[in-house]
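Analysis of the macromolecular model
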Amino acid sequence: MLLDSKSPTGPIEKRWEDHRFHLKLVNPANKRKYTILVVGSGLAGGSAAATLAELGYNVKCFCFQDSPRRAHSIAAQGGINAAKNYHNDGDSVYRLFYDTVKGGDFRARESNVYRLATVSLNIIDQCVAQGVPFAREYSGYLDNRSFGGAQVSRTFYARGQTGQQLLLGAYQALERQIGAGTVQMFPRTEMLDLVVIDGKARGIVTRNLITGKMETHIGDAVVLGTGGYGNVFYLSTNAKGCNTTAIWRAHKRGALFANPCFTQIHPTCIPVSGDYQSKLTLMSESLRNDGRVWVPLKKGDKRTASQIPEAERDYFLERKYPSFGNLVPRDVASRNAKQVCDDGRGVGETGLAVFLDFRDAIQRLGKHTIKERYGNLFDMYQRITGEDPYQEPMRIYPAIHYTMGGLWVDYNLMSNIPGLYVIGEANFSDHGANRLGASALMQGLADGYFVLPNTIGDYLASNKFDKVENSHAAVREAESNVTQITRRLLECKGTRSVDSFHRELGKILWEDCGMARNAAGLKKALSLIPPLREQFWRDVKIIGGAEELNQTLERAGRVADFFELAELMCLDALERNESCGGHFREEYQTPEGEAARDDANYSYAAAWEYKGVGQPPVVHKEPLTFEYVHPAQRSYK
Ligand SMILES: Cc1cc2nc3c(=O)[nH]c(=O)nc-3n(C[C@H](O)[C@H](O)[C@H](O)COP(=O)(O)OP(=O)(O)OC[C@H]3O[C@@H](n4cnc5c(N)ncnc54)[C@H](O)[C@@H]3O)c2cc1C
C-alpha cells in the first residue's frame, strides 16, 4: 500500500496557501446537497460541525455524552498556544513550528506543523470574537504564560479552565447551527461501526445509549473527532468515558493506525493513592511557570518538606537543564521524575512522587497573585489530597495523559479510506513523538475551524455519491457486526467485572509499555495480553440487556477494543528500536539518559493495517523528511 501524504512541496510558508488554492471548491448552492457525519463534539468535532454547517453543508453530529458541552475537552486546564508574539519576546510562526518539530523529537510532518503554527493566529481571533474570556493584562491586552519546551510566552489561557471556555465558544457556534436546522445533534449516541461502500466511508452504525436502539446514518463523508485513547492504561488523566472504539472500529474496516505506541506521560499529576482508584487528576503544566520541582538530596529522606533545608534539596530540572529549568518538555520532565524516584529519592508514603513547590513564588508575588493564576487548581489539589498547597508543596508524579498516535491521515486530514476524515486527538498528525503543552487545543481547533472545512470540499467536489439504502449489503453487514458483538458480550454471563479486566490490562501496559519500555518487557506484555483478552470474552460479567440504558455493556465494548489496541501498541513499541519523545526504549539512551533516536532507520510514521484479531498486523511506513528543522539531539540544557 502506498501512503500518499499529499504533503505539498515548495517554500514552507507558502505550502498551505498554494495547496488551498488548488483544492476543488463546492459551489455554495450545492453545499446543502451533501451530508457530513461528524462523530464527536469536543473541540475538534464541535468546531468542525459548526463550521461545516456555517459553510452550508448538512451536518449530523454525534456524541456519547448527554450534551456536547461535556466532551472531555472541557477538562483542559492550562491553555492554548498561538504565535501572536504579544509579549514581543521573540516568538513567530517559524519559532512555534521549530519548537513543535523539535519537541516532537522529529517524528512529525514538517508541512503539517508549519500549517498548524500559521493557523494558530486565526484561532485566537476566532475565539475572542466568539467571546471566549481569555485572561487579560491590566492594559486589556490578552495575557500569555509559558509552557514546556518553549522559551517564549505564547500560551493563552482562561484561568485553569481554558478547555471549558473554548468548548463553550465552539458549543454556542454549534447550538446556533442546531437552531438554524443545519446541524442535527445526536447526544447519548455511540458510533459502533463504520460503513464502507465501494471503498468509501459512507455511514456509521450507532447505538442510542438510552434506549439501546441501533441505527444507521448515511452521509457523503464521515469525520471522526473522537478524542484520544489514554484510558487504555485504565488510570489516566482523561475523562472516564474517553475510549478508542470509534477509531478502532474504523481501523478494523481498513483505516491505518499510526504510531499507536506514542503516548504522552504528563509529569504533574496527583500520585496514585491505592489499588481501587479509577482516575488520575492532572495538575496543569502551567503550574511549572511558578512551581519548582525538587526532591531531597539524600535517599530515603522521610522528613517533611519544610524540615528539609535548602542545601539538602535537589532542584533536579533546574540543575540539569538550566536554560529551560522546570519548563522542559513533558517527556523530559517525566523521565527525570521517574529517575529520581527509582533512585530512592521520591517523596510521600509510596516514594513515587516529587515536590512541586510554590514557596518562592508566593514569597515573591504574594498568595493573592498565585491564587489568581491557579486558584481552581490549588482548590482541586486540596480537595483530593486534604493538603494545602499554599502551605506545603504539592506532591506530583507522571501519569498517562495524551495519545500522539491515532488514525493515519494525509495533509487533508483524510485517512486512507476515502471520505473518512480524522481530526483532533483521534488522528496521529502534528505532534510527533511528544506533544508540547497547550498544543492539543490548538491542533483540535485548527483542524475543526480552519483545515477540514477547506479540505473536505475537494473530496466532495471530486466524487460522485450514489444513494445508499439501508438495505445495502454493506449496511446490513455492519449492523450485524454490531449486533453480534453486543450479543457475544451479553451471552458471556461470566464472573469478573469489566473494570477488573480493564485494570489488569492497564497495569500490564503501564509496567511494560509505559514511561520506559524494553524488548523483554514488551515481549512479556505481548504474551500476557492475548490470554487475558480471551479470558475477558469467556468470563466478563455484564448485567442487564441490550435494549435499555446499560453502562456496563457500553464499557465492555470499549474495553474489548482496548485489548486489541493494547497489543498493537506493544508491537509498535517493540518494532521501533529507538527512543524518541515519549517512546523511551531503555536500550536506546544517551550516556546522560536522554532518548537516543535512530534517524537512519526510524525516521518514519508507522501506519498499521489490521489483519484480524490475534493476526499479525502489517506495517506501512511513511518516510519523514526534514528540510527546515534539521534533526539533532534535542537539548534543553
Ligand atoms: C486533564 C487534561 C487537561 C488538559 N489540558 C490541556 C491544555 O491545557 N491545553 C491543551 O492544549 N491540551 C490539554 N489537554 C489535551 C486536550 O484536552 C485534548 O487533547 C483535547 O481536548 C481533545 O479534543 P478532541 O475534540 O479531539 O476530543 P474530546 O474532547 O475527547 O471529544 C471527543 C468527542 O467524541 C465523542 N465520541 C468519542 N467516541 C465516540 C463514539 N464512539 N461515538 C460517538 N461519539 C464519540 C465524545 O462524546 C466527544 O464528544 C488536556 C487533557 C487532559 C486529560
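Overview of the structure. (Residues numbered from 1 in each chain as written. Predicted model: local features only at pLDDT ≥ 70, side-chain atom pairs only at ≥ 80, totals over all residues. Heavy atoms only, no water.)

1. Details of the overall build of the protein chain
Looking only at helices and strands, the protein chain has 17 helices and 19 strands in total. The C-alpha radius of gyration computed for the protein chain amounts to 24 Å, which stays within 12% of the reference 26 Å derived for 637 residues, consistent with globular compactness. Taking contacts inside the protein chain between residues at least 6 apart in sequence as the whole, the part at least 24 apart equals 74%. Of the accessible surface of the protein chain, which amounts to about 24,100 Å², a share of 50% is contributed by carbon and sulfur atoms. Side-chain charges of the protein chain comprise 77 positive and 73 negative groups, with the mean position of each set lying 2 Å from the other. (Helix = DSSP H or I, 4+ residues; strand = E, 2+ residues; numbered from the N terminus. Rg over C-alpha atoms; globule rule 2.2 N^0.38 Å. Contact = heavy atoms within 4.5 Å. Areas by Shrake-Rupley, 256 points an atom, 1.4 Å probe, with all protein chains shown as cover. Lys, Arg positive; Asp, Glu negative; His and termini not counted. Charge placed at Lys NZ, Arg CZ, Asp CG, Glu CD.)

2. A look at the nonpolar core
Of all hydrophobic cores here, the largest spans 173 residues; its most connected members are Ile80, Leu224, Leu420, Ile456, Leu460 and Phe536. Looking at this core element by element, the count peaks at 13 residues for helix 16 (residues 551-575). Isoleucine 80 has contacts with Ile123, Ile124, Phe134, Arg154, Thr155, Phe156, Thr162, Leu166, Ala438, Leu441, Met442 and Leu445, leaving out every residue within four places of it along the chain. Counting 10 residues, the second-largest nonpolar core is a separate cluster that includes Val195, Ile218, Val468 and Ala478. (Core = buried A, V, L, I, M, F, W, Y, C linked by side-chain atoms within 4.5 Å. Buried < 20%, exposed > 50% of the residue type's maximum accessible area, 1.4 Å probe, protein only.)

3. Some details on empty space enclosed by the protein
On inspection of all chains with the given rule, the structure shows six cavities of 30 Å³ or more. Here the largest cavity is characterised by a volume of approximately 130 Å³. Around the largest cavity, the lining comprises 13 residues; the ones closest to its centre are Leu192, Arg207, Leu553, Glu554 and Gly557. When residues of the lining of the largest cavity are traced back to their parent elements, those giving at least two are strand 6 (189-197), helix 7 (245-252), helix 13 (473-492) and helix 16. Among the elements that take part in the lining of the largest cavity, helix 16 stands out by supplying four residues, more than any other. Looking at the second largest cavity, its volume works out to about 60 Å³. In terms of lining residues, the second largest cavity is bounded by Gln264, Ile265, Asp331, Ser334, Arg335, Asn434, Met515 and Gly582. Per element, the largest residue contribution to the lining of the second largest cavity is three residues, and it comes from helix 9 (residues 330-342). In terms of residue class, the lining of the second largest cavity is made up of two nonpolar, four polar and two charged. (1 Å grid on protein atoms, 1.4 Å probe; cavity = no way out; pocket = protein on both sides within 12 Å on 5 of 7 lines; lining within 4 Å. Points joined across faces, edges and corners; volume = space filled by probe spheres on them. Nonpolar A, V, L, I, M, F, W, Y, C, P; charged D, E, K, R; others polar.)

4. As for the packing of aromatic side chains
What the rule picks out here adds up to 26 aromatic pairs. Ring geometry for tyrosine 34 against phenylalanine 465: centres 6.1 Å apart, planes inclined by 85°, an arrangement best described as edge-to-face. Highlighted residues: tyrosine 34 in the loop between helix 2 (28-31) and strand 1 (35-39) and phenylalanine 465 in the loop between helix 12 (440-462) and helix 13, separated in sequence by 431 residues. For the pair tyrosine 34 and phenylalanine 465, a shared accessibility class is recorded, and that class is buried. Measuring from centroid to centroid gives 5.4 Å for phenylalanine 501 and phenylalanine 536, while their planes differ by 85°, and the two rings are edge-to-face. A residue pair is termed long-range when its members are at least 10 positions apart, and phenylalanine 501 in helix 14 (residues 498-513) and phenylalanine 536 in helix 15 (residues 519-539) qualify at 35 residues. Considered together, phenylalanine 501 and phenylalanine 536 belong to a single accessibility category, that of buried residues. Every member of this aromatic cluster is reached through a ring pair, and the members are Tyr34, Tyr421, Tyr459 and Phe465. Over the ring of tyrosine 636 we find lysine 102, and its NZ or CZ is 4.3 Å from the ring centre. (Phe/Tyr/Trp six-rings, centres within 6.5 Å; stacked < 30°, edge-to-face > 60°. Lys NZ or Arg CZ within 6 Å of the ring centre and 35° of its normal.)

5. Regarding helix 16
Given 3.6 residues per helical turn, the α-helix brings residues three or four places apart onto the same face. For helix 16, which comprises 25 residues, the first-to-last C-alpha distance of 36 Å matches the rise-based estimate of 36 Å (1.5 Å per residue) to within 8%. A distance of 3.2 Å separates the backbone nitrogen of threonine 552 from a side-chain oxygen at the start of helix 16, and that oxygen is part of asparagine 550. (Expected span 1.5 Å × (residues − 1). Polar contact = N/O pair within 3.5 Å; in protein donor to acceptor, adjacent residues only side chain to side chain.)

6. Focus on the sheet that holds strand 16 (residues 406-407)
The strands that make up a sheet are held in pairs by hydrogen bonds between backbone atoms, and each pair lies either parallel or antiparallel. With respect to topology, four strands assemble into an open sheet ordered 16-10-18-19, the strand pairing being antiparallel. In the strand order of this sheet, the two ends are held by strand 16 and strand 19 (618-623), each with one partner. Looking at chain direction, strand 18 (residues 604-609) and strand 19 are connected through six bridges and run antiparallel. Along strand 19, the bridge assignment pairs tryptophan 608 with valine 619. (Pairing = 2+ DSSP bridges.)

7. Section: the layout of surface pockets
When its volume is computed, the second largest pocket comes out at roughly 680 Å³. Forming the walls of the second largest pocket are 26 residues, and the residues nearest its centre are Leu235, Val272, Lys507, Trp510 and Glu511. Those elements giving two or more residues to the lining of the second largest pocket turn out to be strand 15 (394-403) and helix 14. It is helix 14 that provides the largest number of residues to the lining of the second largest pocket, a total of five residues. Looking at the lining of the second largest pocket, its residues break down into 16 nonpolar, five polar and five charged.

8. Digging into the site of the ligand
Surveying the vicinity of the ligand reveals 37 residues, the closest of which are Gln65, Ser73, Gly78, Met191 and Glu425. Within the backbone of glycine 225, one N or O atom sits 3.4 Å away from an oxygen atom of the ligand. Coverage of the ligand by the protein chains reaches 97% of its 1,000 Å² of free accessible surface. Secondary structure elements with two or more residues in the shell around the ligand: helix 3 (43-55), strand 6, strand 15 and helix 12. A per-element tally of the shell around the ligand places strand 6 first, with three residues. Per-class residue counts for the shell around the ligand are 16 nonpolar, 18 polar and three charged. (Near = heavy atom within 4 Å.)

9. Concerning unusual backbone geometry
Glycine aside, the phi torsion of most residues is negative, and most peptide linkages are trans. Phi angles above zero are rare outside glycine, and aspartate 105 is one such case at about 55°. The residue arginine 159 is not glycine, and still its phi comes out positive at about 45°. Examined against the element boundaries, arginine 159 turns out to sit in the loop between strand 4 (155-156) and helix 6 (162-180).

10. Quick look at the packing of helix 15 against helix 16
Packing of helix 15 against helix 16 leaves a shortest axis separation of 9 Å and a crossing angle of 160°. With respect to each other, helix 15 and helix 16 are oriented roughly antiparallel. Note that helix 15 runs across helix 16; the crossing there is left-handed. The segment helix 15 lies against helix 16, with Ala519, Leu522, Lys523, Ala525, Leu526, Ile529, Pro530, Leu532, Arg533, Phe536 and Trp537 engaging Ala556, Val559, Ala560, Phe563, Glu564, Ala566, Glu567, Cys570, Leu571, Ala573 and Leu574. For the contact of helix 15 with helix 16, the class distribution of residues is 18 nonpolar, no polar and four charged. (Axes fitted to C-alpha atoms, helices over the stretch in contact; angles between N-to-C directions. Parallel < 35°, antiparallel > 145°, perpendicular 65-115°, else oblique. Left-handed = near helix turned anticlockwise from the far one by under 90°.)

11. Points about the pattern of salt bridges
According to the stated counting rule, one finds 53 salt bridges in the structure shown. We note a salt bridge from glutamate 17 to arginine 20, for which the minimum N-O separation is 3.2 Å. Separated by three residues within a single helix, glutamate 17 and arginine 20 lie in helix 1 (residues 15-22), roughly one turn from each other. Residue classification places glutamate 17 among the partly exposed residues on the basis of a relative accessible area of 45%. The closest approach of N and O atoms between lysine 84 and aspartate 125, which form a salt bridge, is 2.7 Å. Of the two residues, lysine 84 sits in the loop between strand 3 (80-81) and helix 4 (93-103) while aspartate 125 sits in helix 5 (residues 110-130), which places them 41 residues apart along the sequence. Looking at aspartate 125, the relative accessible area reads 42%, which means it is partly exposed. (Salt bridge = Lys/Arg side-chain N within 4 Å of Asp/Glu carboxyl O.)

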